[in-house]
Amino acid sequence: MLATLFPGTGQPVRRAAGIALLLLAGGAAQSQSWPTGVDESALVRSYRAEAQAYEHGEGVPRDGARAATLYCKAARLGDAKSQYALGWMYANGRGVERNDALASFFLRAAAEQGLAPAERLLARLPETVEVPDCMREPPAVAVVVSPPQPAAAAPAAPALPPQAAELRRAAPPMIVDLVDRLAPQYQLDPHLVLAIIRVESNFDTVARSPKNAQGLMQLIPETAQRFNVLNAYDPTQNLRGGMAYLRWLLAYFEGDLTLVTAAYNAGEGAVERYRGIPPYRETRDYVRRVVETVGTVVHPFDASVTAPSAVLRGRRTAAR
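Since the structure is predicted, the reported quantities are computational estimates derived from the model, not experimental observations.

## Examining the side chain of His299
Summarising the element assignment, His299 is placed in the loop between helix 13 (281-294) and strand 5 (301-302). Within polar-contact distance, the side chain of His299 engages the backbone nitrogen of Asp189 at 2.9 Å.

## Observations concerning the nonpolar core
Judged by nonpolar contacts, the single largest core of 53 residues is most densely connected at Met217 and Leu239. When residues in this core are grouped by element, the largest group, ten residues, is from helix 10 (residues 235-252). What Met217 contacts, discounting residues up to four positions off in sequence, is Val193, Ile196, Ile197, Glu200, Asn238, Leu239, Gly242, Met243, Leu246 and Tyr264.

## Structural notes on the layout of surface pockets
Taken as a whole, the largest pocket encloses approximately 690 Å³ of empty space. Surrounding the largest pocket, 26 residues form its lining, Lys211, Tyr264, Asn265, Ala266 and Glu282 being those nearest its centre. Here the lining of the largest pocket is composed, by residue class, of twelve nonpolar, seven polar and seven charged.

## Concerning the packing of aromatic side chains
Evaluated as defined, the whole model comprises eight aromatic pairs. Taking the centre distance of 4.6 Å and the plane angle of 20 degrees together, the rings of Trp248 and Tyr252 count as stacked. Residue Trp248 and its partner Tyr252 are located together in helix 10, separated by four residues, close to a single helical turn. Owing to a relative accessible area of 17%, Trp248 belongs among the buried residues under this scheme. Residues Tyr252 and Phe253 carry aromatic rings whose centres are separated by 5.1 Å and whose planes lie at 70 degrees to one another, so their mutual orientation is edge-to-face. Using a relative accessible area of 16% as the deciding quantity, one classes Tyr252 as buried. Judged by its relative accessible area of 0%, Phe253 is buried.

## What about the side chain of Gln214?
On the secondary structure map, Gln214 appears in the loop between helix 8 (190-201) and helix 9 (221-226). For Gln214, a relative accessible area of 15% corresponds to the buried category. For Gln214, the contacting residues outside a window of four places in its chain are Ala207, Leu219, Pro221, Ala232, Tyr233 and Asn238.

How each quantity is defined
- Residues numbered from 1 in each chain as written.
- Predicted model: local features only at pLDDT ≥ 70, side-chain atom pairs only at ≥ 80, totals over all residues.
- Heavy atoms only, no water.
- Helix = DSSP H or I, 4+ residues; strand = E, 2+ residues; numbered from the N terminus.
- Polar contact = N/O pair within 3.5 Å; in protein donor to acceptor, adjacent residues only side chain to side chain.
- Core = buried A, V, L, I, M, F, W, Y, C linked by side-chain atoms within 4.5 Å.
- Buried < 20%, exposed > 50% of the residue type's maximum accessible area, 1.4 Å probe, protein only.
- Contact = heavy atoms within 4.5 Å.
- 1 Å grid on protein atoms, 1.4 Å probe; cavity = no way out; pocket = protein on both sides within 12 Å on 5 of 7 lines; lining within 4 Å.
- Points joined across faces, edges and corners; volume = space filled by probe spheres on them.
- Nonpolar A, V, L, I, M, F, W, Y, C, P; charged D, E, K, R; others polar.
- Phe/Tyr/Trp six-rings, centres within 6.5 Å; stacked < 30°, edge-to-face > 60°.

Now the structure itself:
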């Protein structure tokens, strides 16, 4: 058994000697961090503008297949307008062969982001669950650990990623201390918890969203009840409930932080339906902000907490 410190906290977690890894497509480990320095908004605008040109033949020969490819690149990045345009093309057979299943997929993604015209078109189409190839993203590496045990002497903690160090300095000391104390009980890196709190509530213990998400980790009443939180505005209860949910999500999605954070924002059902990060602009921004702060897309998890998602486990198995 090997003991590992969560950086910057002095808090150890025991790792199993035989760590199981599920590798990215291609069979070799890839970078374990979210792409940085990428302006997805600029990419979306570029893809959509080029797609519109090919769809309508504006300055270039009309090419429906090329337009569909470009629209799908923007759609995967959460662009509701491109999702609608591509859904409309497939629904009407304009530039591409008519395909009601693909039309339904893209229009539903746009409708779920609040695009009213997509909702109207969707009403006459069948529901579909198949995710088009162009909307799929590769899985992260999964890291399995055993439940924590009393720690022996451990090596010095590695240096924190710069954004995590800055977060630690900026967060209220009372909340940092509370997170540092509670996170090891749930086998969580405290900086992951702090990053979630910053995005969810900006450390406001009485924050309440329009959807009635409450407290530091913005627990909706159903999640609070699910994890035995009686008062979501009590910082300790809220943190325990949010951390219990994160621990469950880590086991369910086998340590893939991109899926875990996407599920915390959009729900595990949406992550499974889209076989990965839902193509919502808000969710992609949420995932980026969290994983850029913690500096990795993987996190150790306790496989005994819950069985993994059958849908996403199948995706990883196929990618090996």
